Amino acid sequence: RDHSEWLIDVLLPQAEISAICQKKNCSSHVRRAVVTCFSAGCCGRHGNRPVRYCKRCHSYHHNQEAGGASSSETHLFQTSPPPINTRECGAEELVCAVEAVISLLKEAEYHAEQREYEMNRRRQMGLASSHHSLDNTDFDNKDDDKHDQRLLSQFGIWFLVSLCTPSENTPTESLARLVSMVFQWFHSTAYMMDDEVGSLVEKLKPQFVTKWLKTVCDIRFDVMVMCLLPKPMEFARVGGYWDKSCSTVTQLKEGLNRILCLIPYNVINQPVWECIMPEWLEAIRTEVPDHQLKEFREVLSKMFDIELCPLPFSMEEMFGFISCRFTGYPSSVQEQALLWLHVLSELDIVVPLQLLISMFSDGVNS
């Protein structure tokens, strides 16, 4: 009290982030808050705390031409991020929006890595016994923070579907980074615990994400396919094995596992399958040493399972990208298709005999 000149107004923290306008007597029909102001002029009327405004009140208080914020005081305010396909979204906002989604979706990836590390550590310590089981509950109840971390990725999904609607005008690089990270998110959450948190995250897939991916496939089929190739463009190499230093064989194996995690949700339709699988089999044929080929048996057996048929189309269509190459193509292309069949045979992938005979007959006749 002896030194009143030392006392200054301090901007206090927000107790909560209000979803509606906090201006007293707000008369707007749409009271949804879209702006937070941190300046003394506005905060002084609100207990010296940042104040949230709707679009109309924001315009009233901060539009200098309309006599709002005085020229002597520049108001510092934060707006909601604009949708990426609008005029309001500049280059900087676009980058921020895309990277924010990617960062949030990576939270699920970090959790999956931590869980795998913890389980491996326990196995090495010899704790995998009846008294110290490695079941899901035992691991996830250890630290409640894990639940929060898993839930963080849902904000990325909400951000994605609300502000990152794909269109023909969406920059290819930005869209490809989003699509690649969504594919990695499917992979990271594929083996999540079957508990309340896992159930919440799992519901997001059919509810929001598969619809978003279908829109990408309908509007930008080229981006969809590129992100599923063994070697996409550099800017599309996001998350998972692309963020680590690993061998080509590991990259191919992880990439196929990522595709396998998308199949149950009908994300991989027939046109996409026909575009990507020739690239994958050719990559396996040319880049995987013979002694490591067996590492691909499990994942390819699940993909090409003729009894369970995990893909949303027929068995003939599943092998269609191979069989079509025996009709009207030069011998070099037919030889390549034979080499793919050889790879599948080496891995004990069953190709129905009748289908094989049909392929060979077409090859001989053409």
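Quantities reported herein were computed from a predicted structural model and do not represent experimental measurements. (Residues numbered from 1 in each chain as written. Predicted model: local features only at pLDDT ≥ 70, side-chain atom pairs only at ≥ 80, totals over all residues. Heavy atoms only, no water.)

**Focus: the overall build of the protein**
Scanning the protein from N- to C-terminus turns up 15 helices and three strands. Partitioning the intrachain contacts of the protein with sequence separation of at least 6 by distance along the chain shows that 70% fall at a separation of at least 24. (Helix = DSSP H or I, 4+ residues; strand = E, 2+ residues; numbered from the N terminus. Contact = heavy atoms within 4.5 Å.)

**Focus on the confidence of the model for the protein**
Of all residues in the protein, 86% have pLDDT values of 70 or greater, and the mean over the chain is 84. When pLDDT is averaged over each element of the protein, helix H8 (residues 221–226) comes out on top at 95 and helix H4 (residues 136–140) at the bottom at 46. (pLDDT = per-residue confidence, 0-100.)

**Some words on the environment of Asp-222**
For Asp-222, the location among the structural elements is in helix H8. Along the backbone, Asp-222 and Val-272 are 50 residues apart, and their C-alpha atoms lie at a distance of 9.4 Å.

**Here's the deal with the pattern of salt bridges**
One pass over the full model with this rule turns up 11 salt bridges. With a shortest N-O distance of 2.7 Å, Glu-282 and Arg-285 are connected by a salt bridge. Note that Glu-282 and Arg-285 are positioned in helix H10 (residues 270–287) at a spacing of three residues, about one turn of the helix. A residue is classified by how much of its surface remains accessible, and Arg-285, at 32% relative accessible area, is partly exposed. (Salt bridge = Lys/Arg side-chain N within 4 Å of Asp/Glu carboxyl O. Buried < 20%, exposed > 50% of the residue type's maximum accessible area, 1.4 Å probe, protein only.)

**Description of the pairing of strand S1 (residues 33–37)**
S1 sits mainly inside the fold: five of its five residues count as buried. The pairing of S1 with strand S3 (residues 77–79) spans three bridges and is antiparallel. Across the sheet, Val-35 pairs through a bridge with Thr-79, a residue of S3. (Pairing = 2+ DSSP bridges.)

**Structural notes on the packing of helix H6 (residues 172–188) against helix H7 (residues 196–219)**
H7 packs onto H6 with a crossing angle of 145 degrees between their chain directions and a minimal axis gap of 12 Å. Here H6 runs over H7; the crossing is left-handed. Of the residues in H7, those in contact with Leu-175, Leu-178, Val-179, Val-182, Phe-183, Trp-185 and Phe-186 of H6 are Val-201, Leu-204, Lys-205, Val-209, Thr-210, Trp-212, Leu-213 and Val-216. Taken together, the residues that form the contact of H6 with H7 break down as 13 nonpolar, one polar and one charged. (Axes fitted to C-alpha atoms, helices over the stretch in contact; angles between N-to-C directions. Left-handed = near helix turned anticlockwise from the far one by under 90°. Nonpolar A, V, L, I, M, F, W, Y, C, P; charged D, E, K, R; others polar.)

**Regarding the environment of Glu-99**
Positionally, Glu-99 belongs in helix H3 (residues 91–124). On the accessibility criterion, Glu-99 (31% relative accessible area) is partly exposed. Through-space distance from the C-alpha of Glu-99 to that of Gly-156 is 10.0 Å; in sequence the pair is 57 residues apart.

**Observations concerning unusual backbone geometry**
Backbone geometry at Asn-266 places phi at a positive 60 degrees, although glycine is not the residue there. Considering the arrangement of structural elements, one finds Asn-266 in the loop between helix H9 (248–262) and H10. For Asp-348, which is not a glycine, the phi torsion comes out positive at approximately 60 degrees. Examined against the element boundaries, Asp-348 turns out to sit in the loop between helix H14 (331–346) and helix H15 (353–365). According to the relative accessible area criterion, Asp-348 is exposed, its value standing at 54%.

**Focus on the nonpolar core**
Grouped together as the largest cluster of nonpolar side chains are 82 residues, with contacts concentrated most on Leu-213, Trp-273, Leu-300, Met-303, Phe-304 and Ile-322. The greatest single-element share of this core, amounting to nine residues, is contributed by H6. Once you skip the residues sitting within four places of it in the chain, Ile-322 turns out to touch Leu-281, Ala-337, Trp-340, Leu-341, Leu-344 and Met-359. Counting residues in hydrophobic clusters, the runner-up holds eight residues, among them Cys-37, Val-51, Tyr-53 and Cys-57. (Core = buried A, V, L, I, M, F, W, Y, C linked by side-chain atoms within 4.5 Å.)

**Things to note about H6**
Taking 1.5 Å per residue, 17 residues should reach 24 Å; H6 reaches 24 Å between its end C-alpha atoms and fits that length. Within H6, 14 of the 17 residues are buried, leaving the element largely enclosed by the surrounding structure. (Expected span 1.5 Å × (residues − 1).)

**Quick look at the packing of aromatic side chains**
Aromatic ring pairs: the centre-centre distance and the angle between the two ring planes describe each pair. The tally for this structure, following the rule as stated, stands at 11 aromatic pairs. Considering the side-chain rings of Phe-304 and Phe-319, the 5.5 Å spacing of their centres and the 35 degrees angle between planes classify their relative orientation as tilted. Of this pair, Phe-304 sits in the loop between helix H11 (297–303) and helix H12 (315–318) while Phe-319 sits in the loop between H12 and helix H13 (320–323), and the two are 15 residues apart along the sequence. Residue class for Phe-304 comes out buried when judged on its relative accessible area of 2%. Among the aromatic side chains, those forming a connected cluster through ring pairs are Trp-273, Phe-304, Phe-313, Phe-319, Phe-321 and Trp-340. (Phe/Tyr/Trp six-rings, centres within 6.5 Å; stacked < 30°, edge-to-face > 60°.)

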